[in-house]
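Fold and geometry: a report
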Amino acid sequence: MTPPSKPTPSVQPASWRWDVYVVVCTVVTGLFLAWLSSKLLVDEVVKRAMTRIYAPLLSLNYPDSGQRSITVVTLDDADLREYGLNWPVPLDYYQRLLDGLVKRKPQAIFLDVVFLDNKPDREVSALVGAACRSTEAGVPFFMATFARGALSSNAERKLFEARTATGEPCAVPVRSNVTPDSLDHSQWAYPLKPRAEDEAAQHAGHLPDSVALSIYCRFHAANCPADAEVPLALIWATRAAPTNVEIMVARNPSGALKPVCRGVWNWWEVIPGTGLLMTVANQPNLPLCPYNQVVPVRAFKGQGFAPQELDEAIAGRVVMIGADLKAVGDNAFSPLHGRLPGVHVHAMALDNLISFNGRYRANGDFEWHELWHSAANWFIFLSLLLTASVMVVWKRYQTRMTPAHLSDELASRGGFEDWPVVRKLRAWADAHLGHRGVGRGVACALWVIKGLVRLPMVLCLPLLLVLGWPRLGSTEKSRHAFRWAMYGTLIYLVLGALVFYLGYYVLFQGPLSIIEYVLFPLMSHFLHLGEMFAHRSRQLWCALWASNPWAEWARQGRDAVEGH
């Protein structure tokens, strides 16, 4: 007589413990995939493409306190022609520019020009004198440097060694190194402090902090970030300073001035494909103007700005001087504005620090070695936990509210002639038989009704062709499934908004982190990855306890398919 086999544990989940287990599996799976996603090229490309779509929405409530505090002075090709100069310009030109700016009492001056070559001593002395006069007048002078001893020139050495009568440095060195994104070359992040490996490679001493952090902490010491190791995630605002559209112009072949950028971002631009439609329609799609106010150097000769307007654009502001020359490679690419002079990267980073009172949005990423110490790690963990918990409860409720038997029979639907409105129109036409105008009116009304019925299908054309839905009212089962799918979509949207609020306003994460950790938890549950691993791990556990593990594993797989 064959002894009875040892009973295997049940594979039917039916308790809150199972729900908790599904949540745990979803969170663990999500954490692993979050770490893996940063290693996958396709995921990173998709993340940047989607961030370009929604990033402009972040500037809808972006404070303008930074815009009112920063002015960018540019030296472009038209300025060189106006002053009769060639690039590189002599240092005594910068001396005259600094003296002219100091008279208008800015808060600080930053010169985004790195002097790598030795200059004539006369020119260097002129610039050193202007820097010292600026500092003595209460206007700190910050100067860009790569902070590499081997590349230092006599201009850098003398400027950074010069002191005022009170012993204060005439020029403050600030690190201007900015690394574009390796995938799309856009400026998504801004390093506030030099990396640890850069510090270790520096033999001459401590490396200076970035331009934005140095200037911000000089004037906002109380809000200076205590921990600035994580790079700043640049929020590129879209509401350009009002004067930029008028100032940033170029001459067309006929000699007329035309704007080279636009100052308004339209909300419909978040819709994918609008740029292509504008191109097909042959409509000019100018790039966005820079956010911070631009003052070309020729404005000091009265071009584009009245004297009072120029004083207002400089007084009490941080003035950042940079080159906007076609032949000079000091350019950066904003994901929203396109090509910009490199000085605008420093201006936008400083603008972020001012606007967010030092609580900048971080360009963090998921790292296992900082599992409990990183805000990015907490963000992905909490977003996964929130999403998995809500969706598990939603699925249990959906299962409970679904009728046991739903019909697959097609609902009987009459033709166009059986519609009540059509029957009424026909009856009204018959009552006025012989009236030609009534007949034409009824025909037109019927034609309009047919068109209105078909219009939604035309509007939903991409969904109908690609996804094949919605098929409204085909069967009782399809109507029920479509209705619950709409409810589920609404829940996904609400969850996405909650995760975005958690990341952007609570944990201060940047656009790239948010798009990854808003979409990633939703997609991980949408694909039922956590639930799949939960079911299969339970099946594997049951199979390991059976007398014939492989046969039990096969049986459980068959039962799962039939249960579906």
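I will try to describe carefully the structure that is included in this document.

Conventions used here
- Residues numbered from 1 in each chain as written.
- Predicted model: local features only at pLDDT ≥ 70, side-chain atom pairs only at ≥ 80, totals over all residues.
- Heavy atoms only, no water.
- Helix = DSSP H or I, 4+ residues; strand = E, 2+ residues; numbered from the N terminus.
- Buried < 20%, exposed > 50% of the residue type's maximum accessible area, 1.4 Å probe, protein only.
- Contact = heavy atoms within 4.5 Å.
- Areas by Shrake-Rupley, 256 points an atom, 1.4 Å probe, with all protein chains shown as cover.
- Disulfide = S-S within 2.5 Å.
- Core = buried A, V, L, I, M, F, W, Y, C linked by side-chain atoms within 4.5 Å.

Along its length, the protein carries 20 helices and twelve strands. Taking all 564 residues of the protein together, the buried fraction comes to 42%. When contacts within the protein are restricted to residue pairs at least 6 apart in sequence, those whose partners lie at least 24 apart make up 78%. If you sum the accessible surface of the protein, you get close to 31100 Å²; carbon and sulfur atoms cover 62% of it.

This part takes up the state of the cysteines. This structure, assessed with the given rule, holds three disulfides. Put simply, Cys 217 and Cys 224 are joined by a disulfide, and their sulfur atoms are 2.0 Å apart. Taking the sign of the torsion about the S-S bond as the criterion, the disulfide between Cys 217 and Cys 224, at about 70 degrees, is right-handed. On the basis of relative accessible area, Cys 224 is assigned to the partly exposed category, the value being 28%. For Cys 261, the disulfide goes to Cys 289, at an S-S distance of 2.0 Å. With the S-S bond torsion at 90 degrees, the cross-link from Cys 261 to Cys 289 turns out right-handed. One end of the pair, Cys 261, is in the loop between strand 8 (257-259) and helix 10 (274-280); the other, Cys 289, is in the loop between helix 10 and strand 9 (293-296), with 28 residues separating them in the sequence.

The next subject is the nonpolar core. Core analysis: the largest hydrophobic core is formed by 51 residues, its most contacted members being Phe 110, Tyr 190, Leu 192, Ile 215, Leu 234, Met 320 and Leu 350. Those elements that place two or more of their residues in this core are strand 1 (70-76), strand 2 (108-111), strand 3 (141-145), helix 8 (211-219), strand 10 (318-324), helix 12 (343-355), helix 17 (476-506) and helix 18 (511-526). Of all the elements, helix 12 adds the most residues to this core, at eight residues. Those residues within four positions of Leu 350 in sequence are excluded, and the remaining contacts are Ile 70, Ala 212, Ile 215, Tyr 216, Val 318 and Met 320. Counting 44 residues, the second largest nonpolar core, distinct from the first, contains Ala 130, Met 143, Phe 305 and Leu 310.

Below, the discussion takes up unusual backbone geometry. Trp 87 connects to Pro 88 through a cis peptide bond whose omega is 0 degrees. At His 185, a residue that is not glycine, the phi angle is positive and equals roughly 65 degrees. With respect to the helices and strands, His 185 occurs in the loop between strand 4 (172-175) and strand 5 (189-190).

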